[in-house]
Amino acid sequence: MTQAGTKWPWLTARPIAHRGYHDMNNSVWENTASAFQRAIEADYAIECDLQIAADGVPVVFHDDDLERLCGLPGDVRSKTSRELGQLAVGGTADRVPSLPDLLKQVNGRVPLVLEFKGRKGDDDGFADAVVECLETYDGPVALMSFDHQVLRDLKACNPPCPIGLTADGTRPESFFTHEEAMQLGLDFISYCVHHLPNGFIAGQRAHGVPVITWTVRDSAAVALTREHADQMTFEGFDPDTLTD
């Protein structure tokens, strides 16, 4: 992997643990305090997902509904952060963390890459709520999303941290859409490793835009990352055990 020119060198300095350094939800579940602690101890950056709870507090949770992770029916956004904080994840002792919980736990020890799980027409105040949580946080943070409206909202907030596009696709029409998002003045890209190489990513890297891959789970994806990107978002293995 080559180091793309960036004013955020920490963004690509270390592998990024996808939804924390979990063990594929066997005993350490994704997006939990246990997964985050494991990443901190291994000195891996942490990627995790954000939803906004009914009380306007950002919470760390991937899915729109509670079934897969908590075994309950219902929309994650229909509950308050306090209610979510009482729900067990995967039947473990871990509960659904709020963004303030995550920030308190990490406390600047490793970088955070926070992905907004946007919903068209239902994201009013989402960007503002996250940026407000970060105002007093002293540590490296990057923000990203697939959703272009969320990215526009984040740019309007003007946070002092990099903002990136999460994306995938191999078709020219996808690239046109991605190019449109990059015109917002984004700082990095998180791209599906299985859709590399492609002309869009090659062009962005030629202009010094750092590229992170998702989600790397095997040696073939590691090889693609090393050749066509600057860092990986991984799960299911320990990148520090890899040999060239």
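From a predicted model like this one, the values you see are computed outputs, not experimental measurements.

Peer 1: Looking at this model, I keep getting lost on the overall build of the protein. Mind explaining?
Peer 2: The number of helices and strands found in the protein is nine helices and nine strands. Rg of the C-alpha trace for the protein: 17 Å, near the compact-globule value of 18 Å for 244 residues, within the 12% margin. Counting only C-alpha atoms, the protein reaches 45 × 40 × 35 Å along its principal axes. For the protein, the residues scored as buried account for 53% of the 244 residues in total. For the protein, restricting intrachain contacts to residue pairs at least 6 apart in sequence, the fraction spanning at least 24 positions comes to 57%. For the protein, the separation between the mean place of its 20 positive charges and that of its 37 negative charges on side chains is 1 Å.

Peer 1: Whenever I open this one, the side chain of H62 confuses me. Can you help?
Peer 2: Among the secondary structure elements, H62 is positioned in the loop between β3 (58-60) and α2 (67-70). One polar contact links H62 to D63, side chain to side chain, over a distance of 2.6 Å. Apart from residues no more than four positions distant in its own chain, H62 is found in contact with R19, E30, N31, D49, Q51, R68 and K117.

Peer 1: What should I look at first to understand the pairing of strand β4 (residues 112-116) in this one?
Peer 2: Where a strand is regular, its side chains alternate between the two sheet faces. By the criterion of burial, β4 is predominantly enclosed, with five of the five residues buried. Burial of the side chains of β4 extends over both faces: L112, L114 and F116 are buried on one face and V113 and E115 on the other. Across five bridges, β4 lies against strand β5 (residues 141-145) in parallel orientation. Paired with F116 across the two strands is S145, which belongs to β5. Once the chain exits β4 it traverses helix α5 (residues 126-134) before rejoining the sheet at β5, and the crossover so formed is right-handed.

Peer 1: Please explain unusual backbone geometry as it appears in this structure.
Peer 2: With the exception of glycine, most residues fall at negative phi, and the peptide bonds are largely trans. Residue L196 is joined to P197 through a cis peptide bond whose omega torsion reads -5°. Here P197 lies in the loop between β7 (188-192) and α8 (199-206). A cis amide bond, omega -25°, links W214 with the succeeding residue T215. Looking at where T215 falls in the secondary structure, it is placed in strand β8 (residues 211-216). The phi angle at N25 is positive, at roughly 65°, despite the residue not being glycine. Topologically, N25 is positioned in the loop between β1 (16-18) and α1 (33-42).

Peer 1: What's the story with the pairing of β7 in this structure? I'm lost.
Peer 2: In terms of burial, β7 is a largely internal element, five of the five residues being buried. Both strand β6 (residues 163-167) and β7 contribute to a ladder of four bridges, which runs parallel. Residue pairing across strands places L165 opposite I189, the latter belonging to β7. Where the polypeptide runs from β6 across helix α7 (residues 172-182) and back to β7, its parallel neighbour, the crossover connection is right-handed. Relative to β8, β7 runs parallel, the two being bridged by four bridges.

Peer 1: Which parts of the structure should I look at to understand the pattern of salt bridges?
Peer 2: When the charged atoms of two side chains with opposite charge come close together, those side chains can pair. Across all of its chains, the model carries 14 salt bridges by this definition. A salt bridge links R19 to D49, with the shortest nitrogen-to-oxygen separation between them at 3.6 Å. Of this pair, R19 sits in the loop between β1 and α1 while D49 is found in strand β2 (residues 45-52), placing the two residues 30 residues apart along the sequence. The same class applies to R19 as to D49, namely buried.

Peer 1: Help me understand the packing of aromatic side chains, please; the structure alone is not making it clear to me.
Peer 2: Geometrically, a pair of aromatic rings is defined through the distance of the ring centres and the angle of the planes. What the rule picks out here adds up to nine aromatic pairs. With a centroid separation of 4.8 Å and an interplanar angle of 55°, the aromatic rings of F116 and F126 are classed as tilted. Here F116, found in strand β4, pairs with F126, found in helix α5; they are ten residues apart in sequence, far enough to count as distant. Among the residues examined, F126 registers a relative accessible area of 1% and is labelled buried. Over the aromatic face of Y21 sits the side chain of R38, whose NZ or CZ is 4.1 Å from the ring centroid.

Criteria and thresholds
Residues numbered from 1 in each chain as written. Predicted model: local features only at pLDDT ≥ 70, side-chain atom pairs only at ≥ 80, totals over all residues. Heavy atoms only, no water. Helix = DSSP H or I, 4+ residues; strand = E, 2+ residues; numbered from the N terminus. Rg over C-alpha atoms; globule rule 2.2 N^0.38 Å. Buried < 20%, exposed > 50% of the residue type's maximum accessible area, 1.4 Å probe, protein only. Contact = heavy atoms within 4.5 Å. Lys, Arg positive; Asp, Glu negative; His and termini not counted. Charge placed at Lys NZ, Arg CZ, Asp CG, Glu CD. Polar contact = N/O pair within 3.5 Å; in protein donor to acceptor, adjacent residues only side chain to side chain. Pairing = 2+ DSSP bridges. Right-handed = clockwise from strand over helix to strand, strands pointing away. Salt bridge = Lys/Arg side-chain N within 4 Å of Asp/Glu carboxyl O. Phe/Tyr/Trp six-rings, centres within 6.5 Å; stacked < 30°, edge-to-face > 60°. Lys NZ or Arg CZ within 6 Å of the ring centre and 35° of its normal.

Function cannot be read off these values alone, since they describe shape.
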